[in-house]
Amino acid sequence: MMQDFSVEIHSVESQQVVQIISSPLINGNATITRVPDGSKFCLEPDAQKLLMVPFESQKELSPRRTDEEVQVARRLAMASSRIYISSNTNLSCILPTPWYLQADALLDANRVEEALALSSQASQEMDEMHSDAERLVHKFNYASNP
C-alpha cells in the first residue's frame, strides 16, 4: 500500500508494476492483510459472460432451465482471494479479473492492439498450463504403474 493509499500489484518475475488499485473506500485507516485460507466470491461480470443464452432470440428457456444456467455460470465464475483491505468502515478483497473481461474492456475502449496482445499472452499461458498438466499426468501414470 502506497502513501496515497493506492495498492500497487507487482509481477513476481519482473518486479514491474502490473496494476494500481485505487478506491475511495481505502483511506488513512486502511491496512492490507494476507490471510491463509481466503474466501471464494462470484465475479458477477464473469458470470454474465459465461451465462448461456439461446442462439435463437425467440426461443425461451423454461424458468427451471434458466435457473440451472445461472447456477452453472455463477459456479464457473468463482474466484478466490487471500488479500484483504480493511478500514474503520469497510472490508474489501482483491480479486483477479479474468483476461477475457480485461480484453472486452480494452475492445470497448477501442484499444484493439492491447486486447490482441493480451489474448496472445493468455493463449501462451494456457499452452504452458496444458503442457504442465500433460507432464503431470504422465508422471502420475509412471508412479502408479510400477
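The structure this text deals with has already been given above.
Residues numbered from 1 in each chain as written. Predicted model: local features only at pLDDT ≥ 70, side-chain atom pairs only at ≥ 80, totals over all residues. Heavy atoms only, no water.

Peer 1: How should a negative patch on the surface be read in this particular structure?
Peer 2: Taken together, the side chains of E13, E125, D127 and E128 present a region of like negative charge at the surface. Residue placement: E125 occurs in helix α4 (residues 112–144). Among the residues examined, E125 registers a relative accessible area of 41% and is labelled partly exposed. (Patch = residues over 30% accessible without salt bridge, like charges linked within 9 Å, V, L, I, M, F, W, Y side chains within 5 Å. Areas by Shrake-Rupley, 256 points an atom, 1.4 Å probe, with all protein chains shown as cover. Salt bridge = Lys/Arg side-chain N within 4 Å of Asp/Glu carboxyl O. Lys, Arg positive; Asp, Glu negative; His and termini not counted. Charge placed at Lys NZ, Arg CZ, Asp CG, Glu CD. Helix = DSSP H or I, 4+ residues; strand = E, 2+ residues; numbered from the N terminus. Buried < 20%, exposed > 50% of the residue type's maximum accessible area, 1.4 Å probe, protein only.)

Peer 1: I'm lost on the packing of helix α3 (residues 99–108) against α4 in this one. Help?
Peer 2: Packed helices, taken two at a time, are described by the angle between their axes plus the distance between the axes. Two elements in contact, α3 and α4, have axes whose closest approach is 8 Å; the angle formed by their N-to-C orientations is 165 degrees. On the basis of the axis angle, α3 is roughly antiparallel to α4. Between α3 and α4 the crossing geometry is left-handed. Across from W99, Q102, A103, L106 and L107 in α3, the residues of α4 making contact are V112, E114, A115, L118, S119, A122 and M126. Looking at the contact of α3 with α4 residue by residue, the classes come out as nine nonpolar, two polar and one charged. (Axes fitted to C-alpha atoms, helices over the stretch in contact; angles between N-to-C directions. Parallel < 35°, antiparallel > 145°, perpendicular 65-115°, else oblique. Left-handed = near helix turned anticlockwise from the far one by under 90°. Contact = heavy atoms within 4.5 Å. Nonpolar A, V, L, I, M, F, W, Y, C, P; charged D, E, K, R; others polar.)

Peer 1: What's the story with the pairing of strand β1 (residues 7–10) in this structure? I'm lost.
Peer 2: Side chains on a regular strand alternate between the two faces of the sheet. Strand direction decides the pairing type here: β1 and strand β2 (residues 17–21), joined by four bridges, are antiparallel. Among the inter-strand pairings, E8 is bridged to a residue of β2, identified as I20. Hairpin connection from β1 to β2: six residues lie between these consecutive antiparallel strands, with Q15 at a positive phi of about 65 degrees. (Pairing = 2+ DSSP bridges.)

Peer 1: What's the story with the sheet that holds strand β4 (residues 78–86) in this structure? I'm lost.
Peer 2: Backbone hydrogen bonds hold the strands of a sheet together, and the pairing may be parallel or antiparallel. Pairing in this open sheet of three strands is antiparallel, and the strands run β3-β4-β5 from one edge to the other. Only two strands of the sheet have a single partner each, and these edge strands are β3 (31–42) and β5 (91–93). Within the sheet, the average angular offset between the axes of one strand and its neighbour, ignoring direction, is 35 degrees. The pairing of β4 with β5 spans three bridges and is antiparallel. Across the sheet, the residue bridging to Y84 is C93, located in β5.

Peer 1: Help me understand the packing of aromatic side chains, please; the structure alone is not making it clear to me.
Peer 2: Describing an aromatic ring pair means giving the distance of the ring centres and the angle of the ring planes. The full count for this structure, using the stated rule, is one aromatic pair. A centroid spacing of 6.0 Å and a plane angle of 85 degrees characterise the contact between W99 and Y100, whose relative ring orientation is edge-to-face. Among the residues examined, W99 registers a relative accessible area of 32% and is labelled partly exposed. Y100 sits in the partly exposed class, given a relative accessible area of 28%. (Phe/Tyr/Trp six-rings, centres within 6.5 Å; stacked < 30°, edge-to-face > 60°.)

Peer 1: I keep staring at the pattern of salt bridges and nothing clicks. Help me out?
Peer 2: Two side chains carrying opposite charge are able to pair once their charged atoms lie near each other. All chains considered together, the criterion is met by six salt bridges. A salt bridge links E69 to R65, with the shortest nitrogen-to-oxygen separation between them at 2.8 Å. Of this pair, E69 and R65 are both found in helix α2 (residues 63–76), four residues apart, which corresponds to roughly one turn of the helix. For E114, the salt bridge goes to R111, with nearest N and O atoms at 2.7 Å. Residue classification places E114 among the partly exposed residues on the basis of a relative accessible area of 39%.

Nothing here speaks to function; it is all geometry.
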